[in-house]
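So the chains spell out like this:
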Amino acid sequence: MNIKEIAKLAGVSASTVSKIVNQKDESISSETRERVLKIVKEYNYTPYASAIVPTQKTWVLGILLRSSVSFDTTLDGIIKTAQNNGYITLVCNSSSDTEQELKNITAMCSSHADGILWEPVNEQSLSFSHYIQDKNIPYITTGPFGGSGSIQLPYEKAAYSITQELVLRHHSKIACLYAEGRRTQAFLSGYRSCLFNNHLPLDEQLIFNELDETLVYKANTHQISGIISSHYLKALEFYQLMNSLHYKIPEDFSLVSLKNDRLEAPEIPEISTYTMPNTEFGNYLCQKLIHLIEKSDKKLPAFSQDYRLDNDTTLGVPSGMNTPKIVVIGSINIDTYLNVAQLPYTGKTVSTSSSFVCPGGKGINQSIGASKLGHHVSLIGNVGFDPGSDNIFRALNENGVDTSGITRCFYADTGKAYIFVEDGGDSMISILAGANDVFTPSAIRENERLFENTGYCLIQSEIPIETVQEACQAAHKHNVKTILKPSACSHFPEEVLSCVDIIIPNENELKVLCPCKPSMEERVNFLMEYGIGTVIVTLGERGCFVKTKEWEDTFPAAHFTSVDNTGASDAFISALASYLLYGYTLRNSVCIATYAAGFCISRKGVVPALIDKNSLESYILQKEPGLLHPGQGRY
């Protein structure tokens, strides 16, 4: 740094600086003198320094780091190689501050280092390179801001490779978890490139810098099946978070991370990793600098690394390929809720001051309910080609429901439901079937692949009865257990009932199905004569009655204040199927389902009121912990 640059930094003339450094400053104030001398010291200025060129080697290598964080083993490799070659190292840390960086550069230049290894702080840092060049000091750059000649660890290749590990195991919903630092941009680039080359869509909302509520929500709703991490500690945090939420890795999520060659944390639990060879990289950087200083004829090849898994402990196929999923067949509507003081009846006009619109229909309600409770769910049904259908797909995708079985009908509108809800929570529904009315058996046959690896099929009868029959038979063919909700239908063919494992009517629906039988018990027995294994009659605030071939019992409702009872049965059914699929007994599953129904009626609407698995189980643990047993399902 020359005298003019020092003067500019101090806000004085060059002659003033000259007088001060040459101790001819009698006429200069002490305040100015102290300010100039401070800058002279910070930037290592020596009079006539720009003209001084060392004539002998100093055997000093200057190491200028952007930050010392996570550079430890790389620095170990540099220092060891320098010592083995007869050099000592002068290490400076810029602490990601360009002003400190310039001070460090001038210090190294003043020390007459034989060569400098420089990790620039940012894009503007390279403008300081002339200070090094003016001294004819050989230098090399490393890191993301070192320009076109920068030598870097191949983080992009490493990120590509760990992403490919998940792709090869059939993952398509791959999230990225990173920590800000040297490797960030290269790591993200490798992740994006791997998705692109494998024709997988890039969702920027699956890139996370923190373990926040959004990440947990996307994990809960199966929008993530695998995750890559730039740092071992981040991966460990994710593992511990998922474990605290009662998920298992790799059964529920696959996880793979990069790891430094010096462990960042004890490997308990063991996580699938690729080890970054930081020490070897430091060795290479130092060799490269020494070759440049000594003008060696020997040409060093570019640094490269063949990556391989240290272990595959936390890697597996997507959970949907391992565990049975749930298929839902039923109505898809756009629900309009009208809050009224009293439900309408003949001759009575009612008015409302509030309303809201959201996706609904028993097909949507049950599929989102089961997805929120931790299962992979496919929905088969029809929507129209109207603008409201886009909201349907958006809601399902946000909740992790597979929509590949949903058909857009060009000649019909999406079904609509108008729901009157009175202050006490009772409701009345009018339905305009729309596309639900043209939901034909052919749609079941075209989507029969969705019945593969399926545990339960949830069917509702707000669709044509012949489609219900086709769905029951398809489920029976694939050894899938069926749960039927007999809504809006007064008769079922024997071919349907004979394929039903569990039927769940309310009291009114039961009367419609069995009008010739005077009591609930006789109606239940009548249904079981068709071969149905379990009949569950929902009784509203009185709970439910359950009968199987072996036992019968009444279960009380969970105590919740009723705000809107519209979706109680859908919440009950989705929870029942979910916990049966987790391996819980029918008794415990029914009890858990009553809590899910209770949560649903305590809030307005259905989809917004459906409870997620973590919230449901946290509440049950407080109220009735014996329902949730370690070793059953994922709990």
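Residues numbered from 1 in each chain as written. Predicted model: local features only at pLDDT ≥ 70, side-chain atom pairs only at ≥ 80, totals over all residues. Heavy atoms only, no water.

Notes on the overall build of the protein chain
Next up, step 1: A tally of helices and strands in the protein chain yields 22 helices and 22 strands.
Next up, step 2: Computed over C-alpha atoms, the radius of gyration of the protein chain comes to 35 Å, more than 25% over the 26 Å expected from 2.2 N^0.38 for 635 residues, which places it beyond the range of a compact globule.
Next up, step 3: Out of the 635 residues belonging to the protein chain, those deemed buried represent 55%.
Next up, step 4: In the protein chain, once contacts between residues fewer than 6 apart in sequence are set aside, the share between residues at least 24 apart is 70%.
Next up, step 5: Across the protein chain, the 53 positively charged side chains and the 69 negatively charged ones have centroids separated by 6 Å. (Helix = DSSP H or I, 4+ residues; strand = E, 2+ residues; numbered from the N terminus. Rg over C-alpha atoms; globule rule 2.2 N^0.38 Å. Buried < 20%, exposed > 50% of the residue type's maximum accessible area, 1.4 Å probe, protein only. Contact = heavy atoms within 4.5 Å. Lys, Arg positive; Asp, Glu negative; His and termini not counted. Charge placed at Lys NZ, Arg CZ, Asp CG, Glu CD.)

A closer look at the packing of helix H20 (residues 568-581) against helix H21 (residues 586-601)
Next up, step 1: Where H20 contacts H21, the axes come no closer than 7 Å and their chain directions differ by 145°. In terms of crossing hand, the pair formed by H20 and H21 is right-handed. Taking contact as the criterion, the partners of Ala568, Ala571, Phe572, Ala575, Leu576, Tyr579 and Leu580 in H20 are, on H21, Leu586, Ser589, Val590, Ile592, Ala593, Thr594, Ala596, Ala597, Cys600 and Ile601.
Next up, step 2: Looking at the contact of H20 with H21 residue by residue, the class counts come to 15 nonpolar, two polar and no charged. (Axes fitted to C-alpha atoms, helices over the stretch in contact; angles between N-to-C directions. Left-handed = near helix turned anticlockwise from the far one by under 90°. Nonpolar A, V, L, I, M, F, W, Y, C, P; charged D, E, K, R; others polar.)

Quick word on the sheet that holds strand E1 (residues 60-65)
Next up, step 1: In space, the four strands of this open sheet follow the order E2-E1-E3-E4, with parallel pairing throughout. Each edge of the sheet is formed by a strand with only one pairing partner; in this case those strands are strand E2 (88-93) and strand E4 (139-141). In this sheet, neighbouring strand axes are inclined to one another by 15° on average, regardless of whether the strands run parallel or antiparallel.
Next up, step 2: Bridging between strand E3 (residues 115-118) and E4 involves three bridges; their strand directions are parallel. Residue pairing for E4: leucine 117 is matched across the bridge by isoleucine 140.
Next up, step 3: Along the sheet, helix H4 (residues 72-84) contacts E1, E2 and E3; its crossing angle with E1, the most-contacted strand, is approximately 170°.
Next up, step 4: Along the sheet face, helix H5 (residues 98-110) touches E1, E2 and E3 and points at about 175° away from the line of E1. (Pairing = 2+ DSSP bridges.)

Things to note about the packing of aromatic side chains
Next up, step 1: Counted under the stated rule, the structure contains 16 aromatic pairs.
Next up, step 2: Pairing tryptophan 59 with tyrosine 87 gives two aromatic rings, centres 5.1 Å apart and planes at 55°, and the pair type is tilted. With tryptophan 59 in the loop between helix H3 (30-42) and E1 and tyrosine 87 in the loop between H4 and E2, the pair connects residues that are 28 residues apart, well separated along the chain.
Next up, step 3: Joined through ring pairs, the aromatic side chains of Phe560, Tyr595, Phe599 and Tyr619 make up one cluster.
Next up, step 4: Between the NZ or CZ atom of arginine 587 and the centre of the ring of tryptophan 551, over which it lies, the distance is 4.0 Å. (Phe/Tyr/Trp six-rings, centres within 6.5 Å; stacked < 30°, edge-to-face > 60°. Lys NZ or Arg CZ within 6 Å of the ring centre and 35° of its normal.)

A short note on the pattern of salt bridges
Next up, step 1: In the structure shown here, the tally under the stated rule is 15 salt bridges.
Next up, step 2: Note that lysine 234 is salt-bridged to glutamate 210, the shortest N-O span being 3.7 Å. Note that lysine 234 is positioned in helix H10 (residues 232-244) and glutamate 210 in the loop between strand E6 (207-208) and helix H9 (213-220), a separation of 24 residues in sequence.
Next up, step 3: What makes lysine 234 buried here is its relative accessible area of 11%.
Next up, step 4: The partly exposed category is assigned to glutamate 210, whose relative accessible area is 47%.
Next up, step 5: The residue lysine 477 makes a salt bridge to glutamate 448 at a minimum N-O spacing of 2.7 Å. (Salt bridge = Lys/Arg side-chain N within 4 Å of Asp/Glu carboxyl O.)

Considering the nonpolar core
Proteins that are soluble and globular tend to have nonpolar side chains buried together.
Next up, step 1: Counting residues in each nonpolar core, the largest one holds 65 residues, and the members touching the most others are Leu61, Phe187, Tyr191, Ile228, Phe238, Met242 and Leu258.
Next up, step 2: With seven residues, helix H11 (residues 278-293) is the single largest residue contributor to this core.
Next up, step 3: Within the second largest apolar cluster, 63 residues are counted, among which are Ile364, Ile483, Ala571 and Leu586. (Core = buried A, V, L, I, M, F, W, Y, C linked by side-chain atoms within 4.5 Å.)

Examining the environment of valine 357
Next up, step 1: Looking at the element boundaries, valine 357 is found in strand E12 (residues 354-360).
Next up, step 2: Residues valine 357 and tyrosine 418, 61 residues apart in the sequence, show an inter-C-alpha distance of 9.4 Å.
Next up, step 3: If we ignore the near neighbours within four places in the chain, the residues touching valine 357 are Ile334, Asp335 and Thr336.

A word on helix H8 (residues 184-197)
Next up, step 1: When the terminal C-alpha atoms of H8 are compared, their 20 Å separation across 14 residues agrees well with the 20 Å that a helix rising 1.5 Å per residue should span.
Next up, step 2: Where H8 is concerned, the buried positions are Thr184, Ala186, Phe187, Leu188, Gly190, Tyr191, Cys194 and Leu195.
Next up, step 3: Buried-residue contacts for H8 involve helix H7 (155-168), strand E5 (174-177), E6, strand E7 (226-229) and strand E8 (254-260).
Next up, step 4: In the stretch just after H8, histidine 199 is the one whose phi turns positive, near 60°. (Expected span 1.5 Å × (residues − 1).)

Points about the confidence of the model for the protein chain
Next up, step 1: In this model, the protein chain carries an average pLDDT of 87, and 94% of its residues clear a pLDDT of 70 or more.
Next up, step 2: Predicted confidence for residues 631-635 stays below pLDDT 50, and this span has 21 contacts to residues more than four positions away or in other chains. (pLDDT = per-residue confidence, 0-100.)

What about the sheet that holds strand E20 (residues 534-538)?
Next up, step 1: Pairing within the open sheet is mixed, and its nine strands lie in the order E14-E13-E10-E17-E18-E19-E20-E21-E22. A strand with exactly one partner marks an edge of an open sheet, and here the two such strands are strand E14 (402-408) and strand E22 (552-555).
Next up, step 2: With five bridges connecting them, strand E17 (residues 454-460) and strand E18 (residues 481-485) associate as parallel partners. Opposite tyrosine 456, over in E18, you have lysine 481 as the bridge partner.
Next up, step 3: Contacting strand E13 (377-383) and E14, helix H14 (residues 388-398) crosses the sheet at an angle of about 170° to E14.
Next up, step 4: With respect to the sheet, helix H16 (residues 465-477) is in contact with strand E10 (325-329), E17 and E18, its orientation differing from that of E17 by roughly 165°.

Let's talk about the side chain of serine 229
Next up, step 1: In this fold, serine 229 is placed in strand E7.
Next up, step 2: A polar atom in the side chain of serine 229 sits 3.3 Å from the backbone nitrogen of alanine 235.
Next up, step 3: Ignoring any residue separated from it by four or fewer positions in sequence, one finds serine 229 in contact with Ile162, Leu177, Phe187, Lys234, Ala235, Val256, Ser257 and Leu258. (Polar contact = N/O pair within 3.5 Å; in protein donor to acceptor, adjacent residues only side chain to side chain.)

Here we look at the environment of proline 301
Next up, step 1: Mapped onto the fold, proline 301 is located in the loop between H11 and helix H12 (319-322).
Next up, step 2: Look at proline 301 and you get exposed, because its relative accessible area is 57%.
Next up, step 3: Residues proline 301 and lysine 288, 13 residues apart in the sequence, show an inter-C-alpha distance of 9.6 Å.

Things to note about unusual backbone geometry
Next up, step 1: Residue proline 250 is bonded to the preceding isoleucine 249 through a cis peptide linkage, with omega at 15°.
Next up, step 2: Mapped onto the elements of the fold, proline 250 is located in the loop between H10 and E8.
Next up, step 3: Located in the positive-phi region is serine 95, a residue other than glycine, with phi close to 55°.
Next up, step 4: The topology assignment puts serine 95 in the loop between E2 and H5.
Next up, step 5: The backbone of asparagine 479 shows a phi angle near 60°, a positive value even though the residue is not glycine.
Next up, step 6: In this structure asparagine 479 comes out as exposed when scored by relative accessible area, which is 70%.

What to know about the state of the cysteines
Next up, step 1: Evaluation of the coordinates by the stated rule reveals zero disulfides.
Next up, step 2: Free of any disulfide, cysteine 409 has its nearest cysteine sulfur in cysteine 457, 19 Å distant.
Next up, step 3: Its sulfur unpaired, cysteine 514 is 6.7 Å from the next cysteine sulfur, which belongs to cysteine 516.
Next up, step 4: Judged by its relative accessible area of 1%, cysteine 514 falls in the buried class. (Disulfide = S-S within 2.5 Å.)

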